[in-house]
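Summary of the model geometry
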Amino acid sequence: MAESNNDSELQHVQEISELANARYKGDPNFMTSLARGLTVLQAFTPEHASMTVPQLAENTGLHRAVVRRCLYTLNALGFVWSSDSRHYQLLPRVLTIGHAWLHSSNLARQAQTALEYLSMQLDESCSVATLDGDAILYIARASKKRIMKIDLDRGSRLPAYATSMGMVLLAELTEEELAGYFARVKLDALTDFTLTDEQALRMQLKKVKQQGYAINDQQLELGLRSLAVPMYSRKGGVVAAMNVGTHAAEVSLTDLHDRFLPRLQRAAMELALLL
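Residues numbered from 1 in each chain as written. Predicted model: local features only at pLDDT ≥ 70, side-chain atom pairs only at ≥ 80, totals over all residues. Heavy atoms only, no water.

Moving on, we come to the pattern of salt bridges. Taken as a whole and assessed by the stated rule, the structure comprises seven salt bridges. Lys-209 is paired through a salt bridge with Glu-172; the nearest N and O atoms lie 2.9 Å apart. Separated by 37 residues along the polypeptide, Lys-209 in helix H9 (residues 198–211) and Glu-172 in the loop between helix H7 (164–170) and helix H8 (175–184) bring together distant segments of the chain. Note on Lys-209: relative accessible area 44%, which makes it partly exposed. (Salt bridge = Lys/Arg side-chain N within 4 Å of Asp/Glu carboxyl O. Helix = DSSP H or I, 4+ residues; strand = E, 2+ residues; numbered from the N terminus. Buried < 20%, exposed > 50% of the residue type's maximum accessible area, 1.4 Å probe, protein only.)

Turning to the packing of aromatic side chains, a few remarks are in order. Each aromatic ring pair is specified by the distance between its two centres and by the angle formed by the two planes. Scanning the model with the defined rule gives one aromatic pair in all. Ring centres of Tyr-181 and Phe-182 lie 5.5 Å apart, and the angle between their planes is 75°; on these two criteria the pair is classed as edge-to-face. Here Tyr-181 falls in the buried class, since its relative accessible area comes to 2%. Overall, Phe-182 belongs to the buried group, its relative accessible area being 10%. (Phe/Tyr/Trp six-rings, centres within 6.5 Å; stacked < 30°, edge-to-face > 60°.)

The next subject is the nonpolar core. Core analysis: the biggest nonpolar cluster contains 28 residues, and Ile-136, Tyr-161, Met-165, Tyr-181, Phe-182 and Leu-205 have the highest contact counts within it. Elements supplying a minimum of two residues to this core: strand E5 (135–142), H7, H8, H9 and strand E8 (224–232). For this core, the element with the highest residue contribution is H7, accounting for five residues. Apart from residues no more than four positions distant in its own chain, Tyr-181 is found in contact with Asp-134, Ala-160, Tyr-161 and Leu-170. (Core = buried A, V, L, I, M, F, W, Y, C linked by side-chain atoms within 4.5 Å. Contact = heavy atoms within 4.5 Å.)

With that settled, consider the sheet that holds strand E6 (residues 157–159). Reading across from one edge, E6-E5-E4-E9-E8-E7 is the order of the six strands in this open sheet, with antiparallel pairing throughout. Both outer strands of the open sheet, E6 and strand E7 (214–217), are each paired with one neighbouring strand and no more. Strand after strand, the sheet turns through a mean of 30° between neighbouring axes, direction not considered. Strand direction decides the pairing type here: E7 and E8, joined by four bridges, are antiparallel. Counted as the bridge partner of Ala-214 is Ala-228 from E8. (Pairing = 2+ DSSP bridges. Axes fitted to C-alpha atoms, helices over the stretch in contact; angles between N-to-C directions.)

Once that is clear, we can look at the pairing of strand E9 (residues 238–247). Of all ten residues in E9, seven are buried; the element is thus mostly enclosed. Pairing of strand E4 (residues 125–132) with E9 involves five bridges; the strand directions are antiparallel. Across the sheet, Val-128 pairs through a bridge with Met-242, a residue of E9. Relative to E9, E8 runs antiparallel, the two being bridged by nine bridges. Counterpart to Pro-230 in the pairing with E9 is Ala-241. The antiparallel pairing of E8 with E9 creates a hairpin that spans five residues between the two strands, and Gly-236 there sits at a positive phi of about 100°.

Interpretation note: all reported values are geometric properties and have no functional meaning in isolation.
Below, the structure written as structure tokens:
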């Protein structure tokens, strides 16, 4: 699962880089050098915390000479560091980029407080995520116990089609947006339970939309069972999804629906009043 998630992260970085180059090619206001520098920063992952120029070039799709200049600049600004002039790693200063958003976003601040209370009530890990490109992006999380092989936290990304929060958010897309999503995304089987057929997924999304919640039963990782509901803003529209993750051996599907769903829906509704 960790390897699949990492592959998805690298694919996302490459897609963003290619999209930017294609959409803004010839635009005098678009700073290509800045876009490339940000692409290099996003290429670092927990599984690839230290990388060489050739590795970064392969993972970003950028020329080695471009990667080398980006690293030189990022090193001068204190965002990356290398002890041997070969292997580069991120420095704490990169936190200032995301830290500013987390503390300025009303959604992220309020969600974190709400999740900590909900997690304490349910004695399970709870999260809030938004749709970022073709993946979900965690913006708040309260963890009571380790339920996955990978360590999730704010800023983590997972494939939308294989997660309960992703299903909730995908169910809100227009037909045109959904068609674009399926045209871009490769539906890999992360477990034996992962839905990889487009038509089956479309039917599931319609069901999620109608019932107002999504249950993911070991589609992302064996042993992981989760439940998610949409989060609405007072202005209307779904702005995020909230979920609770459990061990499949400890919490049944019936428990998720009968015991956890009402509390999750109430928490999402109360939070929506603050947004």
